[in-house]
Amino acid sequence: DHFVDMNISYNIWQGPNDNRSHERETWADGSENIVWQSQHQDIKISNWEVAVDYSNSLAPWMRLEAGYKGNYNHENSPASYYSGTAEDNLAFMPRLYNRFKYDTDISALYVNLSGQHGQLTFSAGLRGELWQTRTRSLKYGENDADVPSFRKNDFALFPSASVGWVFRDNNELKLNYSRRI
């Protein structure tokens, strides 16, 4: 009358992303400019997900459910830019360099009690969520010690409840309450 279900996954998306463009600009006075530009980005995004769900039949007419879900993301994607007048003489542009680092952790716990006794249905639950975000944007030559990170932490509770009455032919009248973000 009870079970536990668990899932753990790890995903990674990484690799170089290279873009190159060539422009020929012709101005009203007849002069021309040739511009080559290149962008190189070393993308690395990783993600862990964890979920555990538990369900227990407390009585033939009542069930308890509880669980946890976590999502943990990390991104570190430096981007470099180059420019020049020919494809073989591109110069690094340190002013445009950016190394974006982004971490976000979301953890949630929930508990729910539900059931049906005769024609009466009911459900009551509570979910708590914690978010933690850390970001940092580094210029060329900077490291983590040089730039303070932006940090934000949030916590919220999300209660829910419902009560219903089942009529003939599978019709049901239900009253619900839930708090959403």
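Residues numbered from 1 in each chain as written. Predicted model: local features only at pLDDT ≥ 70, side-chain atom pairs only at ≥ 80, totals over all residues. Heavy atoms only, no water.

*Asks:* Explain the overall build of the chain residue by residue, including any values.
*Replies:* A tally of helices and strands in the chain yields zero helices and eight strands. Scanning the chain from its N terminus toward the C terminus, one meets helices and strands in the order β-β-β-β-β-β-β-β. Projected onto the principal axes, the alpha-carbon positions of the chain cover approximately 85 × 40 × 25 Å. Restricting the contact set of the chain to residue pairs at least 6 apart, pairs at least 24 apart contribute 59%. Accessible surface for the chain amounts to roughly 12700 Å². Of this, 53% is attributable to carbon and sulfur atoms. Side-chain charges in the chain split into 18 positive and 23 negative, and the spacing between the mean points of these groups amounts to 7 Å. (Helix = DSSP H or I, 4+ residues; strand = E, 2+ residues; numbered from the N terminus. Contact = heavy atoms within 4.5 Å. Areas by Shrake-Rupley, 256 points an atom, 1.4 Å probe, with all protein chains shown as cover. Lys, Arg positive; Asp, Glu negative; His and termini not counted. Charge placed at Lys NZ, Arg CZ, Asp CG, Glu CD.)

*Asks:* Can you explain a nonpolar patch on the surface? Please cite residues and give values.
*Replies:* Nonpolar side chains collect at one region of the surface, where L120, V163, W165, F167, L173 and L175 lie side by side and expose about 580 Å² of accessible area between them. At the level of secondary structure, the elements contributing two or more residues to the nonpolar patch comprise β7 (150-166) and β8 (172-178). In this fold, L175 is placed in strand β8. (Patch = residues over 30% accessible without salt bridge, like charges linked within 9 Å, V, L, I, M, F, W, Y side chains within 5 Å. Salt bridge = Lys/Arg side-chain N within 4 Å of Asp/Glu carboxyl O.)

*Asks:* Describe the packing of aromatic side chains, naming the residues involved and giving the relevant values.
*Replies:* Both the distance between ring centres and the angle between the ring planes are used here to describe each pair of aromatic rings. Summed over all chains, the structure comprises six aromatic pairs. On the basis of an interplanar angle of 45° and a centroid distance of 4.7 Å, the ring pair of Y10 and W48 is categorised as tilted. With Y10 in strand β1 (residues 2-26) and W48 in strand β2 (residues 32-59), this pair connects stretches of sequence that are 38 residues apart. Residue classification places W48 among the partly exposed residues on the basis of a relative accessible area of 42%. Between Y97 and Y140, the aromatic rings sit 5.6 Å apart at their centres with planes inclined by 80°, giving edge-to-face as the arrangement. Placement of Y97 in the loop between β4 (91-92) and β5 (98-117) and of Y140 in the loop between β6 (120-138) and β7 is noted, with a sequence separation of 43 residues between them. (Phe/Tyr/Trp six-rings, centres within 6.5 Å; stacked < 30°, edge-to-face > 60°. Buried < 20%, exposed > 50% of the residue type's maximum accessible area, 1.4 Å probe, protein only.)

*Asks:* If you had to explain the environment of Y97 to someone new, which residues and values would you point to?
*Replies:* On the basis of relative accessible area, Y97 is assigned to the buried category, the value being 17%. A C-alpha to C-alpha distance of 6.3 Å links Y97 and Y81, two positions 16 residues apart in sequence. If we skip the residues at most four places from it in the chain, Y97 touches P78, A79, S80, Y81, F92, L138, K139 and Y140.

*Asks:* Please provide a residue-by-residue account of the pattern of salt bridges, values included.
*Replies:* Enumeration over the complete set of coordinates arrives at six salt bridges. One salt bridge in this structure joins D144 and R136, with 3.7 Å as the shortest N-O distance. Across the pair K152 and D154 runs a salt bridge whose closest N-O atoms are separated by 3.9 Å. A single salt-bridge network, built from bridges that share partners, covers K101, R136 and D144.

*Asks:* Give a description of the pairing of β2 that names residues and reports values.
*Replies:* In terms of strand pairing, β1 meets β2 through 25 bridges, oriented antiparallel. Bridging from a neighbouring strand, R20 pairs with S38 of β2. In sequence, β1 turns back onto β2 through a hairpin of five residues, with G30 there showing a positive phi of about 95°. Looking at chain direction, β2 and strand β3 (residues 62-84) are connected through 20 bridges and run antiparallel. The residue bridging N56 from the neighbouring strand is L64, located in β3. (Pairing = 2+ DSSP bridges.)

*Asks:* If you had to explain the side chain of S80 to someone new, which residues and values would you point to?
*Replies:* For S80, the position within the fold is in strand β3. Overall, S80 belongs to the buried group, its relative accessible area being 12%. With residues near it in sequence (within four places) discarded, S80 still touches S38, Q39, H40, F92 and Y97.

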